[in-house]
Amino acid sequence: MTATAVRPAVTDAKSAPTRRRTGAGLGLVAWLAGIVFFLPIAWMALTSFHSESDAATNPPSFAASLTLDGYREFFGAGGGASPWPALVNSAVASLASTLFVLVLALPAAYALSIRPVKKWTDVLFFFLSTKMLPVVAGLLPIYLFAKNTGMLDNIWLLVILYTSMNLPIAVWMMQSFLAEVPVAIIEAARVDGAKLPTILVRVVAPIALPGIAATSLICFIFSWNELLFARVLTGVVAETAPVFLTGFITSQGLFLAKVCAASLVISLPVLAAGFAAQDKLVQGLSLGAVK
């Protein structure tokens, strides 16, 4: 064996412990970052099981007795308003807008990736530039439009707004996902006589399912968490969960335990959706990263 053949093997043997130490260090940093992000949620969950007097202590008492009073009051056991209409409104607005976004974004992303139009990069930049306008800048015109058309306190107005707000991001994301779909499969389906709707539903959608799932989850989260438009454009009938949550901050004071209980309950749908789609989310966000 020559010296040139031995030298790389010796170098690899020396660098293996270094790589292991680097990997262990990165793993430790990742765990610390995860703990830092999880601590506020854990604190909120613990506070939600305390009484208002224990929740208001400074510093907080970790050994305080646990109670479900905050959750009982949130669900209207103390004579307060029921949160179910607001939760249903948030679910309707988020799910309906996400569905409409997918229906509109999939053909647009197909045209910009698999069957690219001229200057498709300019089109993508135009879609993204619509998100650069501050939301509050369009609040007054939208409010006047809703008032003149009689759509104030209407859940379908929020569906339209959330669809238009999330559509640029969805097109941008799905364009990169659909660009990874093999063109040969689409051409084979076209040779077999499949039309564009059939190609989109039966060929493109199953292949790009991780990317579609990631896009859907992000659009759902953005719609569920939106507060400004829902606060200004809704009242009683179309009130959403975030607007209902702000009702616990009154002139009488901040009921911390009840707010934490309400925040945890309102966050559960998003957490459940993220947990259920975590594998598709990771696949979708990493799709196209490795050639």
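Model, not experiment: these values are computed from the prediction. (Residues numbered from 1 in each chain as written. Predicted model: local features only at pLDDT ≥ 70, side-chain atom pairs only at ≥ 80, totals over all residues. Heavy atoms only, no water.)

Enquirer: I'd like a description of the overall build of the protein chain, backed by residues and values.
Expert: Along the protein chain, the regular secondary structure elements total 14 helices and two strands. Each of the 291 residues in the protein chain was classed as buried or not, and the buried ones make up 33%. Across the protein chain, contacts joining residues at least 24 apart in sequence account for 75% of those joining residues at least 6 apart. Here the protein chain has roughly 17,100 Å² of accessible surface; of this, 71% comes from carbon and sulfur atoms. (Helix = DSSP H or I, 4+ residues; strand = E, 2+ residues; numbered from the N terminus. Buried < 20%, exposed > 50% of the residue type's maximum accessible area, 1.4 Å probe, protein only. Contact = heavy atoms within 4.5 Å. Areas by Shrake-Rupley, 256 points an atom, 1.4 Å probe, with all protein chains shown as cover.)

Enquirer: Now, about the environment of Leu68: what can you tell me, with residues and values included?
Expert: The topology assignment puts Leu68 in the loop between helix H2 (52–55) and helix H3 (69–74). For the pair Leu68 and Ala261, spaced 193 residues apart in the sequence, the C-alpha separation amounts to 8.9 Å.

Enquirer: Lay out the layout of surface pockets in plain terms, naming residues and giving numbers.
Expert: Its volume calculated, the largest pocket comes out at about 260 Å³. Looking at the largest pocket, the residues that line it are Thr130, Lys131, Leu133, Pro134, Val135, Gly138, Ile142, Ser164, Met165, Pro168 and Phe229. When residues in the lining of the largest pocket are grouped by element, the largest group, three residues, is from helix H7 (residues 155–178). Of the residues belonging to the lining of the largest pocket, the class tally is seven nonpolar, three polar and one charged. (1 Å grid on protein atoms, 1.4 Å probe; cavity = no way out; pocket = protein on both sides within 12 Å on 5 of 7 lines; lining within 4 Å. Points joined across faces, edges and corners; volume = space filled by probe spheres on them. Nonpolar A, V, L, I, M, F, W, Y, C, P; charged D, E, K, R; others polar.)

Enquirer: Pulling in residues and values, what's your account of a nonpolar patch on the surface?
Expert: Among the surface-exposed residues, Val88, Val92, Leu99, Phe100, Val103, Leu104 and Trp156 lie close enough to one another that they form a single nonpolar patch of about 640 Å² accessible area. Locating Phe100 in the fold gives a position in helix H4 (residues 84–113). A relative accessible area of 39% means that Phe100 is categorised as partly exposed. (Patch = residues over 30% accessible without salt bridge, like charges linked within 9 Å, V, L, I, M, F, W, Y side chains within 5 Å. Salt bridge = Lys/Arg side-chain N within 4 Å of Asp/Glu carboxyl O.)

Enquirer: An account of the side chain of Thr215 is needed here, citing residue identities and associated values.
Expert: On the secondary structure map, Thr215 appears in helix H10 (residues 209–225). The exposure class assigned to Thr215 is buried, which follows from its relative accessible area of 0%.

Enquirer: Explain the packing of aromatic side chains to me, and be specific about the residues and the numbers.
Expert: Summed over all chains, the structure comprises five aromatic pairs. Note on Phe74 and Phe75: the rings are 4.9 Å apart at their centroids and 75 degrees apart in plane angle, and the pair reads as edge-to-face. What makes Phe74 buried here is its relative accessible area of 1%. Between Phe75 and Trp84, the ring centres sit 5.6 Å apart and the planes meet at 35 degrees, which makes this aromatic pair tilted. (Phe/Tyr/Trp six-rings, centres within 6.5 Å; stacked < 30°, edge-to-face > 60°.)

Enquirer: Can you tell me about the nonpolar core, naming the residues and giving the values?
Expert: Counting 27 residues, the largest nonpolar core has Met174, Leu178, Ile186 and Val204 as the members making the most contacts within it. Among the elements of the structure, H4, H7, helix H8 (183–191), helix H9 (196–207) and H10 are those that each provide at least two residues to this core. The dominant element in this core, judged by the number of residues it contributes, is H7, at seven residues. If you look at the next biggest cluster of nonpolar residues, it comprises 18 residues, including Ala86, Leu87, Ala241 and Cys260. (Core = buried A, V, L, I, M, F, W, Y, C linked by side-chain atoms within 4.5 Å.)

Enquirer: Would you mind going over the pattern of salt bridges in detail, with residue names and values included?
Expert: If you walk through the whole model with that rule in mind, you get two salt bridges. Here Asp69 makes a salt bridge to Arg72, at a shortest N to O gap of 2.8 Å. With a gap of three residues between them, Asp69 and Arg72 both fall in helix H3, about one helical turn apart. Relative accessible area serves as the criterion here: at 36%, Asp69 is assigned to the partly exposed category. Residue Arg72 is classed as partly exposed on the basis of its relative accessible area, which comes to 44%. The salt bridge involving Glu73 is made with Lys258; its shortest N-O contact spans 3.2 Å. Within this pair, whereas Glu73 is found in helix H3, its partner Lys258 is found in helix H13 (residues 256–276), the two being separated by 185 residues in sequence. A relative accessible area of 34% places Glu73 in the partly exposed class.

Enquirer: Could you give an account of the side chain of Glu226, with specific residues and numbers?
Expert: Within the secondary structure layout, Glu226 lies in the loop between H10 and helix H11 (228–233). Polar contacts involving the side chain of Glu226 include one to the side chain of Tyr162, which spans 2.7 Å. A distance of 3.0 Å separates the side chain of Glu226 from the backbone nitrogen of Leu228, its partner in a polar contact. (Polar contact = N/O pair within 3.5 Å; in protein donor to acceptor, adjacent residues only side chain to side chain.)

Enquirer: Outline the packing of H8 against H9, listing residues and values.
Expert: Two elements in contact, H8 and H9, have axes separated by 11 Å at closest approach and are oriented at 160 degrees. It follows that H8 is roughly antiparallel to H9 by the angle criterion. The interaxial crossing formed by H8 with H9 has right-handed handedness. When H8 is examined against H9, the residues Ile185, Ile186, Ala189 and Arg190 are found in contact with a partner set consisting of Ile199, Val203, Val204 and Ile207. A per-class count over the contact of H8 with H9 returns seven nonpolar, no polar and one charged. (Axes fitted to C-alpha atoms, helices over the stretch in contact; angles between N-to-C directions. Parallel < 35°, antiparallel > 145°, perpendicular 65-115°, else oblique. Left-handed = near helix turned anticlockwise from the far one by under 90°.)

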